[in-house]
Amino acid sequence: MRKITTLTNIALASILLTACAEQPTVKEEATTNTKHATTHHKHWGYSGDVAPEHWGSLDNKFHMCSEGKEQSPIDVVATKDVELAPLSINYPQGSKSIINNGHTVQVNIKGGDTLTINGEAYELKQFHFHTPSENHINGKSFPLEAHFVHATKDGKLAVIAVMFKEGTENPTLNKIIKSFPLEKNKEAKLEFDKDYLDVVMPPKRDYYHFMGSLTTPPCSEQVNWFVLKQPQTASKEQIAAMHKEIGMNNNRPVQATNGRVIEQ
Ligand SMILES: [Zn+2]
């Protein structure tokens, strides 16, 4: 594993955001620390004047979107074979909430779900979806990608990406889809069964690892990416339902790797 650098609290707060964009001011809580931050968020989106190619110029705080050299997503092609530590995932039963924040459908986690890698504990903060996939694997795009966003207590970020291909129906996705339609920016309670993520995460958890960024403004870097090699399946109807609820293609185009090391 590469060194992991700490992100600023602002960046962390951004990725934990549960409301967005349409409101000029959002009061938010960075759940990994106790202080509250009030930040201004410029409107951004996936088409027209606020499309990804304009993000870097929409707000000073978004400058990494255009200037960063380790941006995400990417076309994931391994450059190095190494002994990668296993992902130790412990997502127990718990109360969650679901929100359509105008950019994605997101499940917020109240705490207690952890990822441990190389002895370092990350807490699962939220997971959300992109249709079609943001990352590609060996040039291949997928119809759906889930991002599981984790943070350590001091703000290091790790994202596990799970691809979905069309196939058999996924029970956990059904639970999410059954809670549609969602009123924008309004959280709704969502109860999952025990081991709910076992049906979202593939049983085989071999992965690619590389350093990247948030795929949405402010596009902050120093994010540890773990892209699982094995895709999960979702039915054609489930993929269509996710896309319909999100209401657009919410995938940032793939970014230059600039010689990044991609481990497998
Ligand atoms: Zn994402």
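Visitor: Before we move on, could you go through the overall build of the protein and cite the residues and values that matter?
Guide: If you tally the helices and strands in the protein, you get 5 helices and 15 strands. Considering the protein as a whole, with its 264 residues, one finds that 41% of them fall into the buried category. Sequence separation of 24 or more characterises 67% of the internal contacts of the protein that already satisfy a separation of 6 or more.

Visitor: Account for helix H4 (residues 171–178), naming residues and giving values.
Guide: Thr172, Leu173 and Ile176 are the residues of H4 that are buried. For H4, the buried positions fall inside an angular range of 100° around the axis, keeping them on one side. The exposed set on the far side of H4, more than 90 degrees from its buried face, consists of Pro171 and Lys178.

Visitor: Hey, could you go over the confidence of the model for the protein for me, with residue numbers and the actual values?
Guide: Residue-level pLDDT values for the protein average 85, and 81% of them are 70 or greater. Counting interchain partners and residues more than four positions distant, the pLDDT-below-50 stretch residues 1–6 has 9 contacts. Residue range residues 17–40 is modelled with pLDDT below 50. Its contacts to residues more than four positions away, or to other chains, number 48 contacts.

Visitor: Tell me about the environment of Lys165, and name the residues and values.
Guide: As for its position among the elements, Lys165 is in strand E11 (residues 157–166). Taking the C-alpha atoms as reference points, Lys165 and Thr233, separated by 68 residues in sequence, lie 4.9 Å from one another. Non-local contacts of Lys165, meaning those with residues more than four positions away in its chain, are made with Phe142, Pro143, Pro231 and Thr233.

Visitor: Could you give me a rundown of the nonpolar core, with the residues and numbers involved?
Guide: Among the nonpolar cores identified, the biggest contains 52 residues, and Val159, Ile160, Ala161, Val162 and Val227 are the most heavily contacted of them. Ranked by the residues each element gives to this core, the list is headed by E11, at 8 residues. Apart from the residues within four sequence positions on either side, Val227 is in contact with Val76, Asn135, Ile137, Ala161, Tyr207 and Tyr208.

Visitor: Give me the environment of Val261: which residues, what numbers.
Guide: Relative to the assigned elements, Val261 resides in the segment after helix H5 (236–246). Taking the C-beta count within 10 Å as the criterion, Val261 has 13 such neighbours and is therefore assigned partly exposed. It is 8.0 Å that separates the C-alpha atoms of Val261 and Met211, two residues lying 50 residues apart in sequence. Those residues in contact with Val261, other than ones at most four positions away along the chain, are Thr79, Lys80 and Phe210.

Visitor: Run through unusual backbone geometry, naming residues and quoting values.
Guide: Keep in mind that most residues, glycine aside, have a negative phi and that most peptide bonds are trans. Residue Pro73 is reached from Ser72 by a cis peptide bond, and omega for that bond is 0°. Secondary-structure assignment places Pro73 in the loop between helix H3 (64–67) and strand E3 (75–76). The residue after Thr131, namely Pro132, is reached through a cis peptide bond having omega -10°. Its place among the elements puts Pro132 in the loop between strand E8 (120–130) and strand E9 (136–137).

Visitor: Account for the pairing of E11, with residues named and values stated.
Guide: Among the 10 residues in E11, 8 count as buried, and that is most of the element. Strand direction decides the pairing type here: strand E10 (residues 144–151) and E11, joined by 8 bridges, are antiparallel. Its bridge partner being in E11, Val149 is matched across the sheet by Val159. Hairpin remark: E10 followed by E11, antiparallel, with 5 residues in the connecting loop; positive phi at Gly155, about 90°. Bridge count between E11 and strand E14 (residues 223–228): 5 bridges; the pairing is parallel. When the sheet's bridge partners are listed, Ala161 is paired in E14 with Val227.

Visitor: Describe in detail H5, supporting the description with residues and values.
Guide: Those residues of H5 lying buried are Gln238, Ile239, Met242 and Ile246. When H5 is viewed along its axis, its buried side chains cluster within an angular range of 100° and face the same direction. Opposite the packed face of H5, turned more than 90 degrees from it, sit the exposed residues Lys236, Glu237 and Lys244. Summarising the contacts, the buried residues of H5 are in contact with strand E6 (105–109), E8, E10, E11, H4 and strand E15 (232–234). In the stretch just after H5, Gly247 is the one whose phi turns positive, near 85°.

How each quantity is defined
- Residues numbered from 1 in each chain as written.
- Predicted model: local features only at pLDDT ≥ 70, side-chain atom pairs only at ≥ 80, totals over all residues.
- Helix = DSSP H or I, 4+ residues; strand = E, 2+ residues; numbered from the N terminus.
- Buried ≥ 20, exposed ≤ 12 C-beta atoms within 10 Å, placed from the backbone.
- Contact = placed C-beta atoms within 7 Å.
- Arc of directions from axis to C-beta.
- pLDDT = per-residue confidence, 0-100.
- Core = buried A, V, L, I, M, F, W, Y, C linked by C-beta atoms within 7 Å.
- Pairing = 2+ DSSP bridges.

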